[in-house]
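# What the coordinates show
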Amino acid sequence: MNDYEFRKILDHFSYSWSGYRKVRKGVKKRLTHHMVQLDCGTVDGYLDLMARSLPLRHEFYRIMSVPISRFFRDKAMWQMLVQDILPCLLSEKEVRVWFTGCASGEEVYTFQICWDTFKGQHKGVPELRAVASDLNPYYIRRALDGIYTETSLKEMPYDFMASCFLGIRGRKYAVKESLKKRILWVVHDNLKGPLVRGCHILFIRNSLLTYYREEIKVPILENILEGVVPDGYVIIGGHERIPDSITGLRSGVCHPCVYQKI
Ligand SMILES: C[S@@+](CC[C@H](N)C(=O)[O-])C[C@H]1O[C@@H](n2cnc3c(N)ncnc32)[C@H](O)[C@@H]1O
């Protein structure tokens, strides 16, 4: 598949070229494989098939999902979370956190590690209710297994390695069972709106804002933000920005990736 054909598919579904440009090799390979399976020789024919079949479209969305993630991605943000954000939530009865586009769970387990660190430093820490969702059921299964290679762990602070992982065969690492508690894993498409209501922290990193075009991400983000409480925190990826037309968020809250709902 050449770039012209790939861009035709992106345009048709309002995906962003700038989001997919660097990762297009793998995505194009999966798309080509899908077209061969369906015995479909042209992109127009493929788009036509997608328009006519919901199950095939679901398969297509899974093909388009890019699972790149790492533990402690954007390290400074995680330090700030423990030092500045979590203390502001101490007076809540329960802290609700939603991870949208969680891929294979690296971000979710990173939060769990931070939450345990925070609990070790403070008394009277509220209960945690964490919901982690992704469009792709395969990634959710991998998150539940909690087994990672060294690539996912390259930003992991060394001190946490022994307490959080068990080394297993083939240079793989399994998340300890204690970190798997308090998380509800759900297959959910962000384009369908908020899955969690009354959320105190929303992680929406490196998914909606990166891979979709403005006309999709603005209404979807507005919709998802309805699930966040006033003054609740919204955390985006290090290379992302909130579209200018979103007015319900305050920026400059202790870190460039952190916003607060007005
Ligand atoms: C690059 S990963 C980001 C993982 C993690 N949030 C991080 O920042 O490390 C993007 C994830 O977003 C998911 N995703 C993409 N579109 C989605 C949608 N419409 N609804 C839910 N998840 C979606 C993909 O399946 C993929 O697992």
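Please refer to the structure placed before this passage.
Predicted model only: the values in this text are computed from it and were never measured.

Turning next to the packing of helix H1 (residues 3-12) against helix H4 (residues 43-52). Interaxial distance between H1 and H4 falls to 10 Å at its minimum, and their mutual angle equals 25°. Taken together, the axes of H1 and H4 lie roughly parallel to each other. The two elements H1 and H4 meet at a crossing, and its hand is right-handed. Two secondary-structure elements touch here, H1 through Glu5, Lys8, Ile9 and His12 and H4 through Val43, Asp44, Tyr46 and Leu47. A breakdown of the residues in the contact of H1 with H4 according to their chemical character gives four nonpolar, one polar and three charged.

A few words on the environment of Phe203. Tracing the sequence through the fold places Phe203 in strand S7 (residues 199-203). Classification of Phe203 as buried rests on a relative accessible area of 0%. Here the alpha-carbon distance between Phe203 and Phe99, two residues 104 residues apart in the chain, equals 4.7 Å. Those residues in contact with Phe203 that sit more than four places away from it in its chain are Met77, Trp78, Leu81, Val97, Trp98, Phe99, Thr100, Glu107, Phe111 and Ile235.

This brings us to the pairing of strand S5 (residues 172-175). Judged from the three bridges that link them, strand S3 (residues 147-149) and S5 form a sheet pairing that is antiparallel. Bridge pairing in S5 links Ile147 to Ala174. Across four bridges, the pairing between strand S4 (residues 165-168) and S5 is antiparallel. Bridged to Leu166 within S5 is Ala174. Between the end of S4 and the start of S5, which pair antiparallel, lie three residues, with Gly170 showing a positive phi angle near 70°.

Definitions and cut-offs
Residues numbered from 1 in each chain as written. Predicted model: local features only at pLDDT ≥ 70, side-chain atom pairs only at ≥ 80, totals over all residues. Heavy atoms only, no water. Axes fitted to C-alpha atoms, helices over the stretch in contact; angles between N-to-C directions. Helix = DSSP H or I, 4+ residues; strand = E, 2+ residues; numbered from the N terminus. Parallel < 35°, antiparallel > 145°, perpendicular 65-115°, else oblique. Left-handed = near helix turned anticlockwise from the far one by under 90°. Contact = heavy atoms within 4.5 Å. Nonpolar A, V, L, I, M, F, W, Y, C, P; charged D, E, K, R; others polar. Buried < 20%, exposed > 50% of the residue type's maximum accessible area, 1.4 Å probe, protein only. Pairing = 2+ DSSP bridges.

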